[in-house]
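Below, each chain spelled out in residue letters.
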Amino acid sequence: MDKKIIYSGIQPTGVVTLGNYIGALQNWLKLQDDTNYQCIYSIADLHSLTVRQVPAEFRNRALSFFAQYLACGLDPQKNIMYFQSHVHEHTELTWILNCFTYVGEASRMTQFKEKSQKHPDNINMGLMDYPVLMAADILLYNTALVPVGVDQKQHLEIARDLAMRFNNLYSSTFTVPEPLISKVGAKIMSLQNPTAKMSKSDENVNATISILDSEDDIMRKFKRAVTDSDTEIRFGEDKPGISNLITIYASCKGISIENAVKELQGLTYASLKEAVGSSVVQLLAPIKLRYNDIMNDKENLLNIAREGAEQASYIARKTLRKVYKKVGLVQL
Ligand code: TYM
């Protein structure tokens, strides 16, 4: 039986956050040992060009993100791991899919609207085309499941729509992908504004935990986390700060929200923050240790990326050839 394909990616902007770890990476780690699946994970570097990058910093950051994939425990023997820009089929399929995407549907995307507001001086075509490139990423590999946080759901929907639109016009070509969004931790919130998601590029460093933060930084940021003026430790919409802390604790410990509440109940807010901070420190400590070693061996890092790109290209090439044929391009 053919293995089902799992595909996901992270953009190398800002830092890899605890939100990325809990919403995405933690689930990827669970999937890599399931022999029913072939998992493919990219560093979505072309996506990051939709906002201005300083080239030398960007290059280092992309490599650092790849090293963080490995440091988290993603195993290149079990997963295909590569940089999006190393597999040219992504941009080629994007062009084809562009010709099937309506300007109206692309301009309605929440993230496009948000980013346009944030960068009014640089509302470029790439920003609007972002979900089409993401659809190409996914559809090139006949992906069945896409493990992401809840913020990517709308982009997944456009990928599904494009797959179905193309299949209806040209007969079955693409697998229609399903999102895989975990029940707990699909949206980790900012520590400073618990009604907004924890975002990689937040300017307030206290709002975000990087998975490479020091123990001191992590404990300090949790100490300062915004909660409420109440004293009750309870999970609920009316208590976004406390609910976020409970979610983080549950995700780090691998337990349900109910059990986390049971464990944490009765603590003062100060002790709650300490308990959550410690659970994060414990989770992240081994990652940081491995990261330094991995980053020190760039050659090995590039070899893994090269091999991953070759494996990915092999699959992507076949899909693109099929697509070119279906739309009527001349084959040599
Ligand atoms: P990106 O880089 O913004 O985020 C990477 C992954 O982390 C999840 N995530 C979160 N989960 C929980 N809480 C949060 N606060 C949080 N912040 C981020 C995201 O949902 C995502 O799963 N366009 C994508 C990258 C991408 C991609 C793809 C994803 C490119 N191609 C193909 C899946 C399939 C992005 O910018 O994610």
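Above this note sits the structure.
Quick notes on the rules
- As a convention, each chain's residues are numbered from 1 in the sequence order in which they are written.
- At least 70 in pLDDT is required for a residue's local features to be given in this predicted model, at least 80 for side-chain atom pairs to be given and counted, and no such filter applies to totals for whole chains, interfaces and linings, which use all residues.
- Heavy atoms throughout the structure, all of them, feed into the side-chain values; hydrogens and water do not.
- All axes here are fitted lines through C-alpha atoms, helices being fitted over the stretch that makes contact, and every angle between N-to-C directions spans 0 to 180 degrees.
- The secondary structure listing takes helices from DSSP runs of H or I that are at least 4 residues long and strands from runs of E that are at least 2 residues long, numbered from the N terminus.
- Oblique is the label for any angle not under 35 degrees, not over 145, and not in the 65 to 115 range, which are roughly parallel, roughly antiparallel and roughly perpendicular in turn.
- Helix crossings are classified by the rotation of the near helix relative to the far one: an anticlockwise turn of less than a right angle makes the crossing left-handed, while a clockwise turn makes it right-handed.
- Only heavy atoms matter for contacts: two residues are in contact if any of them lie within 4.5 Å across the pair.
- All amino acids are sorted into three groups, where Ala, Val, Leu, Ile, Met, Phe, Trp, Tyr, Cys and Pro are nonpolar, Asp, Glu, Lys and Arg are charged, and the leftover types, Gly among them, are polar.
- Here a helix's expected span is defined as the number of its residues, less one, multiplied by 1.5 Å.
- Note that the bend at a residue is defined as the angle between axes fitted to the seven residues ending at it and the seven residues starting at it.
- Per-residue accessibility, obtained with a 1.4 Å probe over protein chains only, is compared with the maximum for each type, and a residue is labelled buried under 20%, exposed over 50%, and partly exposed between these values.
- We treat two strands as partners when DSSP finds at least two bridges between them.
- When the strands point away from the viewer and the connection leading from the first strand across the helix to the second strand turns clockwise, the crossover is called right-handed.
- Any two of the Phe, Tyr and Trp rings considered here, Trp counted by its six-membered ring, make a pair once their centres fall within 6.5 Å; the pair's planes then place it as stacked at under 30 degrees, edge-to-face at over 60, or tilted in between.

> So what's going on with the packing of helix 9 (residues 215–223) against helix 12 (residues 269–295)? Residues and values would help.
In the contact formed by helix 9 and helix 12, the axes pass within 9 Å of each other and the chain directions differ by 155°. Considering their axes alone, helix 9 and helix 12 lie roughly antiparallel with respect to each other. When the axes of helix 9 and helix 12 are compared, the crossing they make is right-handed. Every residue of helix 12 that contacts helix 9 at Glu215, Ile218, Met219, Phe222 and Lys223 is listed here: Lys273, Glu274, Val276, Gly277, Ser278, Val280, Val281, Leu284 and Lys288. For the contact of helix 9 with helix 12, the per-class residue count stands at seven nonpolar, two polar and five charged.

> Just give me the short version of helix 7 (residues 125–139), but keep the residues and values in it.
Helix length check: helix 7 (15 residues) gives 21 Å between terminal C-alpha atoms against 21 Å at 1.5 Å per residue, within 8%. Of all the bends in helix 7, the greatest, near 40°, is centred on Pro131. Helix 7 sits mainly inside the fold: 12 of its 15 residues count as buried. Where helix 7 is concerned, the buried positions are Leu127, Met128, Tyr130, Pro131, Val132, Leu133, Met134, Ala135, Ala136, Asp137, Ile138 and Leu139.

> Before we move on, could you go through the packing of helix 4 (residues 89–98) against helix 13 (residues 298–327) and cite the residues and values that matter?
Where helix 4 meets helix 13, the axes come as close as 10 Å, and the angle between the chain directions of the two elements is 25°. In terms of orientation, helix 4 and helix 13 fall into the roughly parallel class. Judged by the sense of rotation from one axis to the other, the crossing of helix 4 with helix 13 is left-handed. Across from Glu89, Glu92, Leu93 and Ile96 in helix 4, the residues of helix 13 making contact are Ser313, Ala316, Arg317, Leu320, Val323, Tyr324 and Val327.

> Talk me through the pairing of strand 2 (residues 37–43); I want residue IDs and the actual numbers.
Most of strand 2 is tucked away, with five of its seven residues classed as buried. Direction of pairing for strand 1 (residues 4–10) relative to strand 2: parallel, over a ladder of seven bridges. Residue Ile10 lies in a different strand from strand 2, and its bridge partner there is Ile43. For the segment spanning strand 1, helix 1 (residues 18–31) and strand 2, crossover handedness is right-handed.

> Give me the lowdown on the packing of aromatic side chains, citing residues and values where you can.
Within the structure shown, the criterion is met by 10 aromatic pairs. When the centroid spacing of 5.3 Å and the interplanar angle of 15° are considered together, the rings of Tyr7 and Tyr141 count as stacked. Placement of the pair is Tyr7 in strand 1 and Tyr141 in the loop between helix 7 and strand 4 (145–147), with a sequence separation of 134 residues. Judged by relative accessible area, which is 1%, Tyr141 ranks as buried. Ring geometry for Trp28 and Tyr41: centres 4.1 Å apart, planes at 5°, overall stacked. Note that Trp28 is positioned in helix 1 and Tyr41 in strand 2, a separation of 13 residues in sequence. A residue is classified by how much of its surface remains accessible, and Tyr41, at 0% relative accessible area, is buried.

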